[in-house]
Amino acid sequence: MSKDDFLSKVLSKAKLTRRSFLKWSAAVGGTAAVAGGVPEGFKQAIPVAFAEEEGKWVPASCWHDCGSKGFNKAYVVDGLPVFQGTDDTVEDKPNRPQLRACAKGRAQRNHLLSAGRLKYPMKRKHWEPGGGNKELRGKDEWVRISWDEALDLMAKEMLRIREEHGNKSVLCVRPGEPTERLMSAFGGYVNGWGEHSGGTFSAAWHLGWGIPFSELENDRLDLENTELFVLWASNPAWSRAGIPMYDMTRYKKNGAKVIVVDPFYSATAQTLADEWIPCRPATDTAFFLAMAYVLLTEDDPEKDPLIDWEFLHKYTVGFDEDHMPEGANPKENYKDYILGTYDGQPKTPEWASEICGTPPEQIRYLARRIATTNKVAFRMSPAPARVHNADSLPQAVMTLGAMTGHMGRSGRQFGHDWGHSFLAEGYPLLVGGWMLTPTSYVNGEPFENPLASGFKGYFGAFWRNERFEDDDVWLINYNELWHALNIGEYTVGKDKKREVDIKMIYHVYNNKMNQFPGTMESIEVHKKVDFVVTQNLFLNPTAQYSDLVLPVQSHWEKYGYVRMGYRNQIMWTSQVMDPYFESKSDSWISREIAKRLGLDPDKVIPCSFKQNVFDHVAACGVIKEDGSGYKPLVTITEEDMEEFGFEGEPQEGQISLKEFKEKGIYHIEREKGDKYEHIPYKDFVDDPENNPRNTPSGKFEIHCQSYADYITNCGWDEKSPIGKYVPPLEGYESTFEDWENKVKGEYPLQQYDLHVLRRVHSTLDNAPWLQEAFLQSFWMNPIDAEARGIENGETVLIRSRYGKVLRNVTVTPKIMPGVVALGQGAWVNIDEETGVDRGGCPNVLHGSVSTGQGHMGLNSCNVEVEKWEGEPLKYDHQLPPLVPLKEA
């Protein structure tokens, strides 16, 4: 729906007064700021204009990669989303809580109808085949073109590049299924690999602990038994503001104690914590080693037992010399490393305190508190593992869990709160257990990328090192990507490099230039290649540095979307509004390009989007009452298929197709003691002989040679089989020019990235309401600010080895001295004259660097901060909106 259509519809329905008419007329006739796609004067008028109109509530998708997983509804009048609501489909109670939307979800209407939406296909004014004036990318003017022209142009350039340079010159990183199928049918493409969210946890726990995926939380009802929660760098009040935060408040009211360990006195700490213990970013491993030292040196099995020796000896290998894996060097055991038997450095609290900044007495206190409390639930966010050289951290975390026996037992856990849902090893997995209402994905026969033939992804060949042995696998590590494309070679494994010469980059609904480390080098790369295409909802930074931009539809403009919520919910959302201007679906775009490439579009996209949605709905399951498996969720009749225009087989389920579509969500009501409770690896703890772990020893491997080999084979670092402390590439120690004499260097502060309320990664950064509600601040301690003559609210320049960023500073004692923080996901906005980012993008400060297992090291960055002497920076909501085509 165009803005003109929207305004005329409002005007035709509104009951105008002279005052409101003059206000609206001024807004329409002038250049008023746009909020929610409506001139400023209309913001309050919309509900009034439609007050007497009969509309309906439509389940509305909130599809972003967010830990809150909220359920949205939009009130639609005559095809127009007028306002939003959230879940009221069930009575709200602990056994079946409503799945309420967070601030981000409630801003969807404002975002999708904002001035920044892409309306038409556009090409860069000075682009021509081969690139034209490439230096103008990022600042060139845009020209509106037709879809036929855009698709013809794209197909011709793809064919030219393939003929002249081959498919190995085409980069398309994690493109999504429709484009993945298209590019695979085209002959293949270079893709990427590496861990985004989980840092070093995923590979470490998969290989060392035999865990299918690092979702290691007990069921939410079981955690009602917990006496003490330790939240380590975990801030659900901001990053998981749905049922997880609701549950934490319940546990607290029920008497559980909460300790928060974090460099930042977070909203969660302020709301829930009985105690806050600060710890510098990227130093967590030292803290855990010191807690292990406390338990080893103060344990008295008779008078003061601190270690569960039975658990260690029965379920683990590698803790001490007498319990090593077969063939391992007995000196490489964890106990002797902690005590400093062979390296001469006992891992004492005093040693750790010098690194992590936490007083020794607090380290001792927390170690003893965890060891002496009967039921402890330890939750670490993945953030501390998103650090360069953090490969030992998961081993240190899980070893402490094993030492205290808080694993595989009711009310006790040692894991992290990632918050995603996946089909892991073929099973639908989420924090808190297997999904009770799963869906499987049935999108036709898959196309295999010819440039990654036989590659099975994270859960197979990836962690078995097979991709290092296969010359047909063309995958570049995400962290190394921009530097590799800049110099023309990338790492394939230990002592092995491969040349690469990318001519085309195809971005599909992502913002990789902004979100991968090394944004400044990324801009260089985008100005070198022949052809850059982006299809997206908005003219985000990646799109701005493209040659061709294709506007796509959001889930609000498509027939529907099926996704899992938390364990107890599954959602089927529907179309809310007409397609925005000339936007098209990703499937339609892939089909049209396929035709122009001489491919069969029916093989590339084998079924309609609507049929695809129905296939997802039909595949939805619900757990059986005895917990033994799943049965169909939705009843589908022949009449349903005829009425809705689907093809399939009738089936009997728990809810009718019409009811599911109307409500948009299905909840399972839980009861204490039902068959659905989940405790990770309880079967192993109850019966280790018949339920061995998927490791060489069949046990939890504190000494893990397969993990060490995996790290070594990645090609950047050597790894010990046990969790030794390795200073990060950029961390606290590297803020010193001379560590021994404590002489600070050029970059004396540690900067790390925060997940903030305003965005889901970089998505929603341009939503007007969220820009105004949640500023993109830079947090700094008063001690550091005073030393630099900086006052609260002033504009500061943050600089690292890789780039410079401007932000307005929030001076607060809530962050540790020596530590600064920036919200991740802000859109880069380079000032061409100074080379400084005015958008606040943290990846401008990060380099294109890989370590360990190729995970992202986003929370270990050394910076310096100084007062900005230029014009003060305006906040984002004070700037005019980024309109793709002003004449539109």
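As the structure is a computational prediction, the values presented were derived from the model and not from experiment.

In terms of helices and strands, the protein chain carries 30 helices and 40 strands. Each of the 888 residues in the protein chain was classed as buried or not, and the buried ones make up 62%. For the protein chain, the exposed area adds up to about 33200 Å²; of that, 47% sits on carbon and sulfur atoms.

In this section: the nonpolar core. By size, the foremost hydrophobic cluster in this structure holds 73 residues, and its most contacted members are Trp232, Phe288, Met291 and Leu366. Within the second largest apolar cluster, 44 residues are counted, among which are Ala74, Val508, Leu537 and Ile593.

So, about the packing of aromatic side chains. For the coordinates displayed, the defined rule picks out 37 aromatic pairs. Look at tryptophan 57 and phenylalanine 83: their rings are 5.8 Å apart centre to centre, the planes differ by 70°, and that puts the pair in the edge-to-face class. Placement of tryptophan 57 in strand E3 (residues 56-60) and of phenylalanine 83 in strand E5 (residues 80-86) is noted, with a sequence separation of 26 residues between them. Its relative accessible area of 37% is what places tryptophan 57 among the partly exposed residues.

Tallied over the entire structure, the rule returns 57 salt bridges. Of the charged contacts, one joins lysine 497 and glutamate 480 as a salt bridge, the two residues approaching to 4.0 Å between their closest N and O atoms. In this pair, lysine 497 sits in strand E21 (residues 496-499) while glutamate 480 sits in the loop between strand E19 (475-477) and helix H18 (481-487), placing the two residues 17 residues apart along the sequence. According to the relative accessible area criterion, lysine 497 is partly exposed, its value standing at 49%. A salt bridge links glutamate 794 to lysine 867, with the nearest nitrogen and oxygen atoms 3.2 Å apart. Placement of glutamate 794 in the loop between helix H30 (782-787) and strand E37 (795-799) and of lysine 867 in strand E40 (residues 861-867) is noted, with a sequence separation of 73 residues between them. Lysine 867 gets classed as partly exposed once you look at its relative accessible area, which sits at 34%.

Moving on, we get to the sheet that holds strand E4 (residues 72-77). Taken in spatial order, the 3 strands line up as E3-E4-E5 in an open sheet, and their pairing is antiparallel. Unpaired on one side and paired on the other, E3 and E5 mark the two borders of the sheet. Adjacent strand axes in the sheet meet at a mean angle of 35° when their direction is disregarded. Across 5 bridges, E3 lies against E4 in antiparallel orientation. Within the sheet, the bridge partner assigned to alanine 60 lies in E4 and is asparagine 72.

On to the confidence of the model for the protein chain. Any region with low pLDDT has predicted coordinates that should not be read closely. Scored by pLDDT, the protein chain comes out at a mean of 89, with 89% of its residues at no less than 70. The model gives residues 13-45 a pLDDT under 50, and that stretch makes 45 contacts with residues more than four places away or in other chains. Contacts of residues 456-461 to residues separated by more than four positions or lying in other chains number 14 contacts, the stretch itself having pLDDT below 50.

Reading across the sheet, the 5 strands line up as E12-E11-E10-E14-E15 and stay open at both edges, with parallel pairing between neighbours. What marks the edges here is a single partner per strand, and that holds for strand E12 (275-277) and strand E15 (413-416). Within the sheet, the average angular offset between the axes of one strand and its neighbour, ignoring direction, is 15°. When strand E10 (residues 228-232) meets strand E11 (residues 257-261), the two strands line up parallel, connected through 5 bridges.

Here the focus is helix H17 (residues 393-404). Taking 1.5 Å of rise per residue, the 12 residues of H17 would be expected to cover 16 Å, and the 17 Å separating its terminal C-alpha atoms lies within 8% of that figure. For H17, the buried fraction is high: 12 of the 12 residues fall into the buried class. Looking only at H17, the buried set comprises Leu393, Pro394, Gln395, Ala396, Val397, Met398, Thr399, Leu400, Gly401, Ala402, Met403 and Thr404. Where H17 ends, the next residue or the one after it, glycine 405, has phi of about 70°, a positive value.

Another point: the pairing of strand E22 (residues 504-508). Among the 5 residues that make up E22, 5 are buried, leaving the element largely enclosed by the rest of the structure. In E22, alternate side chains face the same way, and those of Met504, Tyr506 and Val508 on one face and Ile505 and His507 on the other are all buried. Bridge analysis of strand E8 (residues 170-171) against E22 gives 2 bridges, and the strand direction is parallel. Counterpart to valine 170 in the pairing with E22 is methionine 504. Note: E22 against strand E23 (residues 531-536), 5 bridges, orientation parallel.

What counts and how
Residues numbered from 1 in each chain as written. Predicted model: local features only at pLDDT ≥ 70, side-chain atom pairs only at ≥ 80, totals over all residues. Heavy atoms only, no water. Helix = DSSP H or I, 4+ residues; strand = E, 2+ residues; numbered from the N terminus. Buried < 20%, exposed > 50% of the residue type's maximum accessible area, 1.4 Å probe, protein only. Areas by Shrake-Rupley, 256 points an atom, 1.4 Å probe, with all protein chains shown as cover. Core = buried A, V, L, I, M, F, W, Y, C linked by side-chain atoms within 4.5 Å. Phe/Tyr/Trp six-rings, centres within 6.5 Å; stacked < 30°, edge-to-face > 60°. Salt bridge = Lys/Arg side-chain N within 4 Å of Asp/Glu carboxyl O. Pairing = 2+ DSSP bridges. Axes fitted to C-alpha atoms, helices over the stretch in contact; angles between N-to-C directions. pLDDT = per-residue confidence, 0-100. Contact = heavy atoms within 4.5 Å. Expected span 1.5 Å × (residues − 1).

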